[in-house]
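# An overview of the molecular structure
Here's the letter readout for the chains.
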Amino acid sequence: MSATSPVWNLRGDDAGWQAHPLPQVRAEVPSAVDPGWLDGPGLFDVAHDATARFYVTNRGVTPCFLDTEEPADLQRHVPMGYTNLDLFEKRAVVADGALVRLWPQRFDATPSGPYHFHLVVPGDGEHEMLVLGASHPVPYPILQAENLSARLGVPVLVARRLSSRAWH
């Protein structure tokens, strides 16, 4: 992230920002849910205004949801097994090495482990999706996402972990 990046000028976690014009970002990630459940925006969709949340298991990610309530029938639709169910807040999308959109921090977190932020890197056909721990606070995970996106040539999502629980 260069010193001219818009993130360096933002103050606090309640700030948001978007590129103008807002480009479409396309990336596919493995789904952890039954098809047709959770009709929310995709993980790399930048068109929604509200800060979104999503779940991650070792089988993949759910689509985002914008409601403040936990989705109904979670246990029925997200496969259980020897895994954790991590709830994340979608904070930023980076593409072509530059910030595309930043959403304000909206939800309370009970983080565990050393990483409060994670970077989601989509697979490319030869490699699987990666979820990597990242520094905090913002703007540092965005810097890491910009560097990763520029080097790999793929978009990167910056997410803040809200909670984690055993899912079996």
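See the structure printed just above.
For clarity, every value in this text was computed on a predicted model and none was experimentally measured.

## Section: the pattern of salt bridges
Per the counting criterion, the structure on display carries 2 salt bridges. A salt bridge links R101 to D49, with the nearest nitrogen and oxygen atoms 2.9 Å apart. Residue R101 is located in strand β5 (residues 98–102), and its partner D49 is located in the loop between β1 (17–18) and β2 (53–57); the two are separated by 52 residues in the primary sequence. A salt bridge links R160 to E89; its shortest N-O distance comes to 3.0 Å. In this pair, R160 sits in strand β8 (residues 156–166) while E89 sits in strand β4 (residues 84–95), placing the two residues 71 residues apart along the sequence. In this structure E89 comes out as buried when scored by relative accessible area, which is 0%.

## Remarks on the side chain of R53
Tracing the chain through its elements places R53 in strand β2. We classify R53 as buried; its relative accessible area is 7%. In contact with R53, other than residues within four places in its own chain, are P63, C64, F65, D67, T68, E69, L87, F88, E89, F107 and L162.

## With respect to unusual backbone geometry
A cis amide bond links H136 to the next residue, P137, at an omega of 0 degrees. By the element assignment, P137 lies in the loop between β7 (130–134) and α2 (140–152). Here the amide bond leading from V138 into P139 is cis, since omega sits at 25 degrees, within 30 degrees of zero. Residue position: P139 is located in the loop between β7 and α2. Within the chain, D96 stands out as a residue other than glycine whose phi angle is a positive 50 degrees. As for its placement among the helices and strands, D96 is situated in the loop between β4 and β5.

## Topic: the environment of L66
Within the fold, L66 resides in the loop between β3 (60–61) and α1 (74–77). Through-space distance from the C-alpha of L66 to that of A52 is 4.8 Å; in sequence the pair is 14 residues apart. For L66, the contacting residues outside a window of four places in its chain are P41, H48, A50, T51, A52 and R106.

## Some remarks on the side chain of T62
Mapped onto the elements, T62 comes out in the loop between β3 and α1. Sequence-distant contacts of T62, that is, excluding residues within four places in its chain, are made with V33, L38, F54, Y55 and V78.

## Here we look at the pairing of β2
Within a regular strand, the side chains alternate between the two sheet faces. Of all 5 residues making up β2, 5 are buried, and the element is well covered by its neighbours. Residues R53, Y55 and T57 point to one face of β2 and F54 and V56 to the other, with burial holding for every one of them. As paired elements, β2 and β3 share 2 bridges and run antiparallel to each other. Bridge pairing links V56 to V61 in β3. Counted between consecutive antiparallel strands, the loop separating β2 from β3 contains 2 residues.

Parameters and conventions
- Residues numbered from 1 in each chain as written.
- Predicted model: local features only at pLDDT ≥ 70, side-chain atom pairs only at ≥ 80, totals over all residues.
- Heavy atoms only, no water.
- Salt bridge = Lys/Arg side-chain N within 4 Å of Asp/Glu carboxyl O.
- Helix = DSSP H or I, 4+ residues; strand = E, 2+ residues; numbered from the N terminus.
- Buried < 20%, exposed > 50% of the residue type's maximum accessible area, 1.4 Å probe, protein only.
- Contact = heavy atoms within 4.5 Å.
- Pairing = 2+ DSSP bridges.

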